Each structure stands twice: as C-alpha cells, then as structure tokens.
Amino acid sequence: MLQVFKETKIPFLKYKYVAFIFSFSIIIAGLVNMIFFNGLKMGVDFSGGTLIRVQFNEPISIGNLRDRLSPINLSESRIQEVGQEKREYIIRATQSKAKLRGQNVNEMEAAELMGNRVIEALRTDQDRSAIGNGLQDLNSLDDKSLTFLLEPVLLDKAAGMARQIVDFRVRQGIVRNWDELKAAGVGQDALARLKERCYLSSLAVLSKETVGPVAGEYLWRKAEVAILYALLGMLVYMAVRFKLSYGVSGLLTLVHDVLFTLAVFSFTRREINMPVIAGFLTLVGYSINDTIVIFDRIRDNLKILRKMDFQELMNLSINQTLGRTLITGGTTILSLVILFLFGGEVINDFVWVLLVGIIIGTYSSIFQSCPYLFFWWKIFKPKKGMRK
Amino acid sequence: MKKNLLARSILVLVVLGVALILSYPPKKIPLGLDLQGGMHLVFQVATNDAINVYTDQSIGRLKQLLSQKKITVKSLSKGELGHIKIQGYSPDDEGKIDSLLGEYLKDWDTSVTSTTASATLKPEAARTIRTETVDQAMETIRNRVDQFGVNEPTIQRQGGLEGQQIVVELPGMRDFEKAMTLIKTTALLEWKLVQAGPAADEATLLKNFGGQVPEDMEVLRGDSKRTEGGYYLLSRVAGITGQDLSSVHLDRDERDNPAVGFELKPDGSKRFAQLTGENVGRQVAIILDKKVQSSPVVQNQIMDRGIITGGLRGFGLEEVRDLIIILKSGALPASIGIIENRTIGPSLGADSIHRGLIAIIGSLIITMIFLVFYYRWAGVNALAALILNMIILFGTLGALVMLKIPVSLSLPGIAGIILGIGMSVDANVLIFERIREELRAGRSVLSSISFGFTRALSAIVDSNVTTVIAAFFLLGGTGAVKGYAVTLIISIGASMFTAVFVSHLIFDLTIPRRRKVEKLSI
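Please read all numbers here as calculations on a predicted model, not as lab measurements. Each chain carries its own residue numbering, running from 1 in the written order of its sequence. Chains carry letters and ligands carry numbers; both start at the beginning, A for chains and 1 for ligands, and go up in the order they are written. The predicted nature of this model means local features are confined to residues of pLDDT at least 70 and side-chain atom pairs, given and counted, to a pLDDT of 80 or more, with totals for whole chains, interfaces and linings taken over all residues.

1. Re the domain arrangement of chain A
Residues and elements named next belong to chain A. In plain terms, the rule: The domain boundaries here were taken from an automatic or database domain assignment. What counts as a contact here is a pair of residues whose C-beta atoms, placed from the backbone, lie within 7 Å. Three residue categories are used. Nonpolar comprises Ala, Val, Leu, Ile, Met, Phe, Trp, Tyr, Cys and Pro, charged comprises Asp, Glu, Lys and Arg, and polar comprises the others, including Gly.
Splitting chain A by domain gives domain 1 (12-43 + 212-380), domain 2 (49-123) and domain 3 (135-201). Distance from the C-alpha centre of domain 1 to the C-alpha centre of domain 2: 37 Å. With four residues of domain 1 in contact, the opposing surface of domain 2 contributes eight residues. Residue classes in the side of domain 1 that touches domain 2 are distributed as two nonpolar, one polar and one charged.

2. Regarding the pairing of strand β17 (residues 336-344) of chain B
Quick note on the threshold: Exposure in this text rests on C-beta crowding, where 20 or more other C-beta atoms within 10 Å of a residue's own make it buried, 12 or fewer make it exposed, and counts in between make it partly exposed. The C-beta atoms are placed from the backbone. Only runs of H or I of at least four residues qualify as helices and only runs of E of at least two qualify as strands under DSSP, and these elements are numbered from the N terminus. Whether two strands pair depends on DSSP finding at least two bridges between them.
Burial of β17(B) is extensive: eight of the nine residues sit out of reach of the surface. Sheet topology note: the strand β7 (residues 203-211) of chain A/β17(B) ladder contains five bridges and is antiparallel. The partner of A:Val211 across the bridge, within β17(B), is B:Glu340. Direction of pairing for strand β1 (residues 38-45) of chain B relative to β17(B): antiparallel, over a ladder of eight bridges. Each residue of the ladder has a partner; that of B:Gly38, found in β17(B), is B:Ile344.

3. Regarding the interface of chain A and chain B
If you look at the interface, chain A gives 61 residues, while chain B gives 61 residues. If you list the elements that add at least two residues to the side of chain A that touches chain B, you get α8 (158-172), β7, α11 (213-241), α13 (274-304), α14 (310-342) and α15 (348-367) of chain A. If one sorts the elements of the side of chain A that touches chain B by residue count, α13(A) sits on top with 13 residues. When its residues are assigned to classes, the side of chain A that touches chain B shows 32 nonpolar, 18 polar and 11 charged.

4. A word on the domain arrangement of chain B
One can read the domain layout of chain B as domain 1 (5-36 + 346-510), domain 2 (47-124) and domain 3 (185-340). Averaged C-alpha coordinates put domain 1 of chain B and domain 3 of chain B at centres separated by 62 Å.

5. Some thoughts on helix α3 (residues 47-68) of chain B
All names here are of chain B. We apply this condition: To estimate the expected span of a helix, subtract one from its residue number and multiply by 1.5 Å. Here the arc refers to the directions that run from the helix axis out to each C-beta atom.
Taking 1.5 Å per residue, 22 residues should reach 32 Å; α3 reaches 32 Å between its end C-alpha atoms and fits that length. Along α3, the residues classified as buried are Thr47, Ala50, Thr55 and Leu62. Angularly, the buried residues of α3 cover 135° about the axis, an arc narrow enough to put them on a single face. Exposed and oriented more than 90 degrees from the buried face of α3 are Asp56, Gln57, Gly60, Lys63, Gln64 and Ser67. Of the surrounding secondary structure, the elements contacted by the buried residues of α3 are β1, β2 (75-78), β3 (83-87) and α5 (123-145).

Structure, rendered in structure tokens:
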C-alpha cells in the first residue's frame, strides 16, 4: 500500500489563533486595498465598456497602440499583450457614464459605438485609403462573399477556393501578405482577382465584447442573486443534514474563503467578470465539500467516541481525513494548473480564481471551519454536546 | 454483500449502452459561441416608441371624433410619455368631452375640468403595448435571422415575461457587420410628397414658407450614402408605407443598376395611385428610417407596382439583397439598441478548441497516472468508473440535444468537465481512503470494502449535493457560464453513480467470492 500520508497526529486546533491572525490580516489588508485603493477592478461585464482582441500583421509596440488611441481619448485603456511576437493584444476601454453623456451619443449604445471607434482608430492610413477606394477587407470576408468574388475567374471551383482561403485565415488569425496566400495554394488568376477587389488590412478583430451600462447592471444583479442564493442554499442544506451549528460554521468558512480570495484577487491586475463570478461559486461549492468531509467525520466519531474531549475529537477527525483532503486537493490543483497553463487567455481569470480558491478552501476547511465549530460549542455549550 | 451481481452488471451495461447510443455521433453536440465563433447580442427595445405611436393614433382618432361631434378644441397635444392634453374648449362642452373620452379612451385614465382635459395611459395598457412590441420585434428579428443560414440561432426575451431585452445568438455567424445591419435596421419605409428641396440648409429650404415648418410638414435629411445629403421638406403624412407592400423582389433601374421592385396590396395601390395621379411632375421621396433614399419625379400615375432605386449613387447588389430581406420581414415596431455584443471570430474559437482539448486530455492523463500509481488495481477500477463517467456525460448531453433542450459545449463547459473529473476522483479517493482505514483497523478485505463504501457514502452525497446547489444558481447565467453549470451538474450526477455503484460492482466482480482473500491491491 503506497501511502504518502501515514497516520498523522497533528494537533491542528492548537494553531487556530495563528490561523485566525493569518487569515484576518490578509482579509483586512484586502478590504483596505479594495475600499481605499480601489483595488477591485470591475471588468467589462459589469462596469460596461469594450474588450477587443486584435491581431496585427506586423509587430507593434504598446506605446504605438496608445498613440493610435489617443486621438479618441482612449490612450489610457488597458492593453495586454497575448501570444508572442507582439502581434496580438487585448484592449479594454471603459468610459464613465458622465463622459459618455458629454459626447452626446446614444447612451444605450455607447459601449458599442466606443468599440467601433477603437477599431477605427487602430487602422492604419493605408487601411483607410483602401476602404476609401471601395476595396473589401480580405481578412473579414466570409466564404459566401469570397465565392461571389472569385466566381468570375474560377467558375465552379470558386467555392472550394473560398473555403481554402477562409480555413487558412482561421488557422493564422490574419493573412499577412499576398505571398502567404500564394504559398497556401491560391492560383495566379484568383490572386489577381483578389488583389483587384480586396486589400489586406493591417489588423483582424479576433473578438469584440461590448457591454452597455444597462446590460452591465443587469448582469451584476444576476451575479449577486446567484451568490446569495447559493450561500443560503448551502446553509439550509447543512443545517438540515447536520445541525445549525455546522451550517453556520460552514457558511462562515465560505465567507472567509470568498473574502480571502477576493483579497488576493485585489492585489493582482485581474478584473471581475462573469466567468470570475462562476469561479467564485465553484470555489464555494468545492470548499464546502472539504468542510463537509471533515464535519461528516466529526459526526461519525461523535457517535463512536462518546467520552473524548471535543477538541481532541476534531483533531482526530481532521487527521483521519487528511489523506483524502490532500489527495483530492492535489489532483484538482494539478488539473487546474494544466488548465491555467494551456487553457488560454479566455478562461485564465476563471481558472486563476479556482486555483487560488481551492488552495484557500483546502486550508480553511482544516484551519477555519473546525475552530468556528469549536467556538460555537464553547459559547453555546449545547447540553447534548454536538451529537445529533 | 454480493447480492444481485447479475442484475447490477446488467444495469451498468444498459446504462453504458444507452449512453453510448445517445452520445453517437459526438459531433451533434453543438459547440458554444466561444468555440465555433459567432455572435451573442442583446438588444433593448425602445418600447417608448410604441407608446408614442399609440398616443399619436389615439389623438388622431380623438380629432376625428371631436370634429364629428362638432366640438371645437384649440389644442389637442401629446404631453409627456403616455399623456394627452386637451385645452381651449368652451366650458359648456365639458360634459360632452367627458362622455366622449369615457367611451372611446377605454385604455386611458381621464380627467376633465371646465378648462382642460387630460388622459393618461393606464399602466396595464402600457404594459400590454410594451410586451406586444417586444413580441413583434422578436418575430421580425426571427424572420430576418432565418435568412442568415446560421445553424440553430436562438432568439429569446431577457428579464422575465415583460422584459424589454432580446437576446440573439448566432453560432457560426461570420459576417458580423452584415448581421448587425440586418437585425438593427428598423426598416420603416415611407413614401412622402416632397414640398420643397433638396436644399443645402434649412433656411434655404424654408424660404417660401416664412422660415417656419408648417404644421402638416416635416424636414428630413437625405441619406448621405445615396443622395447629396441635403434637406427635404415633406408632407407629414405618408402616402404609403412598408406595410402596404405585398411583395418585393430584385429588379433593375433604367441604368441597369440593381433596385428593389415592389408590388402593392389593393388598398395601398389605391392610395399610391391617388398620390402619383395628383402629383405628376412633382417629387415623391422614398424614406427609409427617416432618411431620404431618393426622390424621383412622378412621370405618370402608378398603380400597383414600382421600383426603389438607390438615388444618385445607386445600390450595390449586396445592399439590394439585404434590403429585400429586411423589407420581407417587415419593419420593427420600435427602434432597438444594442446593449451587449459578444462577437467571437472563428480563429479564436479554433484556438480555444485546441486549448480545451489539450487541457481535458492533460488532466485526464495526470489523473489516471496518479490513480493507478497510488491505488494500484483499485486505481484501475476507479479509472474504469471515470471513463464510464465521461461516456454518461456525453450521453446525457446527446439526450438533451435530442430533446431539443438548448445545450452547447463552451470553454467554461470544458472546465466544468475537468472539475467533474476531479469530483469523480474525489468520490473514489474518499472510498479508497476509508477502505484503507478499515484494513488498517484489522478488518478482513471483504468487510473493509463493504464498510468503506457505506461509510464514505454520506460524505460523498453531502459534498456533491452542496456543489450542485452552487452550480444550480449558475444555470440562469449567460451562455458560456450556463454551459459550465450544465456540464458540472451532469458530471457530478454521473460521478455519484459511477463511484458509488460501478466501483463497488467492479470490486465485487473481481474479488473471488469463496476463497479467503488476504490482500487487496489498493
């Protein structure tokens, strides 16, 4: 039998005050950072604004991007480089409602319009003159339009060629120059036709997300409701399956986990978006798992070891389940590390919350939930003990 | 403890078989917008427009009734939203107006004094108008979206039964700009008599009218894409509108430019004949969404058919095609504004699929290696349960697709699967650790297994149920987040079955019954 964790006898509850001081100092530091230093950044989903992911045909510096955005007063936008080669960026722009009103635009669509302005501002003069000459952007034509374009020279082979070009573009993100197309198997005639009717834009918009203030408020309300109901649901379930004391201790542990993770979150440059909220809910569900496994053991042991001191019994229960706690935590964290490394930018924030949250959740189920339960027992001294 | 081995084996095989059949072919589970690219759009319907239109209609009817009953009022005007104000009548008419309003303005709360009367649209009537407007807008959008050739678009109301937001999802849509124009164009098409213009500015336009816009006229600008963008003075009342069209088709103008040909319904054709017959030699403006497209001079009376040309610059073929789609689907009952737009290009989606697959396979492999390394043959058992778990997950997704319940596999959905793998392993770990404890405590192999399973059960159930509770409240979220909740919930359900039922069965099947077992590979 391969065993990493031999039968341990660690007096976990002895360290409860150390754990409290550790947790609370981090939570308080986080709260201070959030309240006084504006540490918690709301993402586009909730604050409204626009998030554009764009790929350029040539490497470009962040400074250069800011210069291009300055004529529309958005040079302060958050710009993050993704991928290599300095060709792919995520640009996030928000503007306060007051500013939007000042620009006298339709408030409902302000975010959408701002997104379009950002894309316009990023284009080069070459792009603009090509558009002015009535040329179409080869990097944004769909295969139907391409087929339509190619039909005069390729006849019934046009659809196949269009598909081929679109596939190439999907793989590359952007067609950088005509030679690339030639290398990808586009024939002389077709190439001549494309050159005549199209231009190769300097950038391709990979994704664009705009959320107006109305939609942002709606999404935030939804997120609040989801978190609140989830916490309530768990409290009720635990109170029914165990006792109220367990339910309250579990809930306090969850509040601890959420605040702790938020605190760590507030010290990073990350932003709260809808997937991050989903991450928080999952972490809540996962952390309560850990707590329940320990509580379940306490409940079991209370039936068998009637005479044992409550604190001792808790230590025993934590030690008995320690193997499981660490193995499950470990495998889950491993899976998440893989997601974190290879899952890509799109779900990176979400995975980050889970990763940090699960580490915190594992810690808290040992060092927070049991002390809470212990103090409840100390304060209320239930006559029948903690036995159900 | 080894009861019903056969029955249990059959049950597991049946579940496996059904799940395999349901999950085949795996391609039928649609990919989410984030994976295949596409658009997620939320529109807000300006339902105030519809309230204003209704108020205008009511005022129009009131005017008619008042003149029929020979009651003179000085002003009959629209106040703030949903209010009508009547002023300047003789006090003797108070009673008549009161009974008239009571009889004909059923949807309105009215109050009449000797000098002024006012009517306020009843809240429930306003609500009905708003709801119906959103319904109509959804119908129009659906008609237009059906022309895109997108697989399984969804069009939904957001914010409850009376929500004024419409969510449009277009998976696989590639031509983003076109989709946006086709959905958002109000497509209010009107033909109005030109009283003056086009002129470069309003002052020149109104020179012959004393600088004032007469009450029955209005000023509109030309569409900058079609005309020179000047000002037109037009009759306020439209001769005919888009509602009078019976059909539209692709046509050509005299210079062989593409144009929209149209035919009129009998009633519209009567009014059009009147309009053109009385105004030969004058201009009639064709107006789309309050912008003049062209203002041809009427050559002779037109009865029931005609063409819409693209003014000076002419239409492109694509533009005419799009316009025909829009006109066929009818006008939107109110303008709509885009309040949320998530557009994902296909290359980002392809990249995400690639990354998602690496992540799933990577975490499966790591988990498998760990299980077998740490728990030996029992780990292989858990592995079998894990694989069955995945098959059940895809089978359930397949079944949901067949039942036409909208599910899709999004990137967060993949994260849900990976977490589900973690949860399923957790259940096994709980059981195995418990079995090990029982073994250490000196129990026999068989009773250790049996105790392990029963004692771990409560922890497994309780911990999984709480996770489901958390995931349940994500089901109401937007597309991607919802996809995450769906896969997570299914995985947890499946893992409870596989870890508790299937693993136990495999133990029972593999451990010899009669011979005394000394060692367990765990």
